[in-house]
Amino acid sequence: MNRFAVLAEGFERLSYPLGACSSYDKQEIYFNREEYVLHRLEGEAQARMLLGSADWISSHASLPVGFVQNASGSFIVCRPRGKKPSSSEMDKNQRREYSLAVMLRLAQLHSEGFGCGGIWPHETFYFRKEVFLSNPASIFALCEQDSLFHEAAVTLRRLLCAGFASQARLSALAGAYLSHSPVCRNEVRAYLESKKSEVLPAEALAAAARKYAALFL
């Protein structure tokens with residue numbers, strides 16, 4: 001496979017560092033005091049789609065600024081916004097703010113008809129009390145088979161296990177997610193009705209998160 005890079009206008013300067021190194025998933029490149037991250041893709045078509053949707057994607061994730069194609073595969077080149085979160089470097093209030101921002105980001109995606117398989121804290125960046133996904137390729141259009149309940153519960157579990165949320169905080173975080181829009185509330189209620197569950201939505205999400213956490217300990 002021929003090696004080449006396609007870069008958005010204004011980011012042509014990245015051609016040198018990209019050409020001077022091999023590419024791999026989650027590779028971090030620093031150039032002119034700026035950080036860029038590479039994420040593996042399925043192919044060139046996906047890369048061009050992400051670049052064409054950069055304006056919308058950048059409201060939820062790192063900004064796609066180009067892609068690289070070589071013998072290792074296809075990789076989207078992204079410019080992150082903010083810093084990687086660390087529960088050990090945050091105080092209690094900062095962890096509360098971050099975990100709330102995670103659930104609101106998930107709710108925003110769901111309300112617009114998109115999913116991401118749930119949010120991993122270590123695959124996010126945090127900037128001005130907003131959370132952005134590191135990998136824009138993780139966002140996909142939801143279909144009938146996708147479960148918003150599962151994505152929300154899994155995200156709560158990940159926040160719990162990563163030390164950003166306590167057991168007692170899960171219900172409040174679930175409530176914030178549900179309060180964001182009718183889409184979130186209606187989808188979770190429909191899921192619970194299909195299971196013939198009479199548990200309140202926020203408590204059901206928190207209970208599922210605790211169950212998932214126990215399974216993966």
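Refer to the structure presented above.
An account of the accompanying structure is given in this report. Remember, predicted model here, so these are calculated numbers, not experimental data.

Conventions adopted
- Residues numbered from 1 in each chain as written.
- Predicted model: local features only at pLDDT ≥ 70, side-chain atom pairs only at ≥ 80, totals over all residues.
- Heavy atoms only, no water.
- Helix = DSSP H or I, 4+ residues; strand = E, 2+ residues; numbered from the N terminus.
- Rg over C-alpha atoms; globule rule 2.2 N^0.38 Å.
- Buried < 20%, exposed > 50% of the residue type's maximum accessible area, 1.4 Å probe, protein only.
- Areas by Shrake-Rupley, 256 points an atom, 1.4 Å probe, with all protein chains shown as cover.
- Expected span 1.5 Å × (residues − 1).
- Arc of directions from axis to C-beta.
- Contact = heavy atoms within 4.5 Å.
- Core = buried A, V, L, I, M, F, W, Y, C linked by side-chain atoms within 4.5 Å.
- Polar contact = N/O pair within 3.5 Å; in protein donor to acceptor, adjacent residues only side chain to side chain.
- Pairing = 2+ DSSP bridges.
- Axes fitted to C-alpha atoms, helices over the stretch in contact; angles between N-to-C directions.
- Parallel < 35°, antiparallel > 145°, perpendicular 65-115°, else oblique.
- Left-handed = near helix turned anticlockwise from the far one by under 90°.
- Nonpolar A, V, L, I, M, F, W, Y, C, P; charged D, E, K, R; others polar.

Another point: the overall build of the protein. Looking only at helices and strands, the protein has eight helices and nine strands in total. Relative to the globule expectation of 17 Å for 217 residues, the C-alpha radius of gyration of the protein, 19 Å, shows essentially globular dimensions. The principal-axis extents of the C-alpha atoms in the protein amount to approximately 60 × 40 × 30 Å. Looking at the protein as a whole, 47% of its 217 residues qualify as buried. With the model as given, the accessible surface of the protein reaches about 11,300 Å², and the carbon-plus-sulfur share is 51%.

Another point: the environment of Tyr 16. With respect to the helices, strands and loops of the structure, Tyr 16 is situated in helix 1 (residues 15–19). Judged by relative accessible area, which is 63%, Tyr 16 ranks as exposed. Separated by 15 residues in sequence, Tyr 16 and Phe 31 place their C-alpha atoms 9.6 Å apart.

All right, on to helix 7 (residues 182–194) then. Between its first and last C-alpha atoms helix 7 spans 18 Å; for 13 residues at 1.5 Å apiece the expected length is 18 Å, and the two agree. Along helix 7, the positions that sit buried rather than exposed are Cys 184, Val 188 and Leu 192. Down the axis of helix 7, the smallest arc covering the buried residues is 55°, so these residues share one side. Turned more than 90 degrees off the buried face of helix 7, the exposed positions are Glu 193 and Ser 194. Looking one or two residues past helix 7, Lys 196 carries a phi angle of roughly 55°, positive in sign.

Now for the environment of Ala 202. Tracing the backbone through its elements, the reader meets Ala 202 in helix 8 (residues 201–216). Residue classification places Ala 202 among the buried residues on the basis of a relative accessible area of 18%. Distance from Ala 202 to Ala 153, taken between C-alpha atoms, is 9.9 Å for residues 49 residues apart in sequence. Apart from residues lying up to four places away in sequence, Ala 202 is in contact with Ser 171, Ala 174, Gly 175 and Leu 178.

To continue, consider the nonpolar core. Tyr 98, Met 103, Phe 149, Leu 156, Leu 159, Tyr 177 and Leu 205 are the most contacted members of the largest nonpolar core, which has 48 residues in total. Those elements giving two or more residues to this core turn out to be helix 2 (44–52), strand 5 (73–79), helix 4 (92–111), strand 8 (130–133), helix 5 (148–161), helix 6 (170–179), helix 7 and helix 8. What Tyr 98 contacts, discounting residues up to four positions off in sequence, is Pro 85, Met 90, Pro 121, Thr 124, Tyr 126, Val 131, Leu 159 and Phe 164. With 11 residues, the next largest nonpolar core counts Leu 7, Phe 11, Tyr 36 and Val 77 among its residues.

With that settled, consider the side chain of Gln 46. With respect to the secondary-structure elements, Gln 46 resides in helix 2. Within the local environment of Gln 46, its side chain forms a polar contact with the backbone nitrogen of Glu 42, the two atoms lying 2.8 Å apart.

Each regular strand carries side chains that alternate between the two faces of the sheet. In terms of strand pairing, strand 2 (residues 28–31) meets strand 3 (residues 34–41) through four bridges, oriented antiparallel. The residue of strand 3 that forms the bridge with Tyr 30 is Glu 35. In sequence, strand 2 turns back onto strand 3 through a hairpin of two residues, with Asn 32 there showing a positive phi of about 55°.

Once that is clear, we can look at the packing of helix 4 against helix 6. Working note: a packed helix pair is described by the angle between its axes plus the distance between those axes. Interaxial distance between helix 4 and helix 6 falls to 8 Å at its minimum, and their mutual angle equals 30°. It follows that helix 4 is roughly parallel to helix 6 by the angle criterion. Relative to helix 6, helix 4 is oriented so that their crossing is right-handed. Between helix 4 and helix 6, the contacting residues are Ser 99, Leu 100, Met 103, Leu 104, Leu 106, Ala 107 and His 110 on the first element and Leu 173, Ala 176 and Tyr 177 on the second. Taken together, the residues of the contact of helix 4 with helix 6 sort by class into eight nonpolar, two polar and no charged.

Interpretation note: all reported values are geometric properties and have no functional meaning in isolation.
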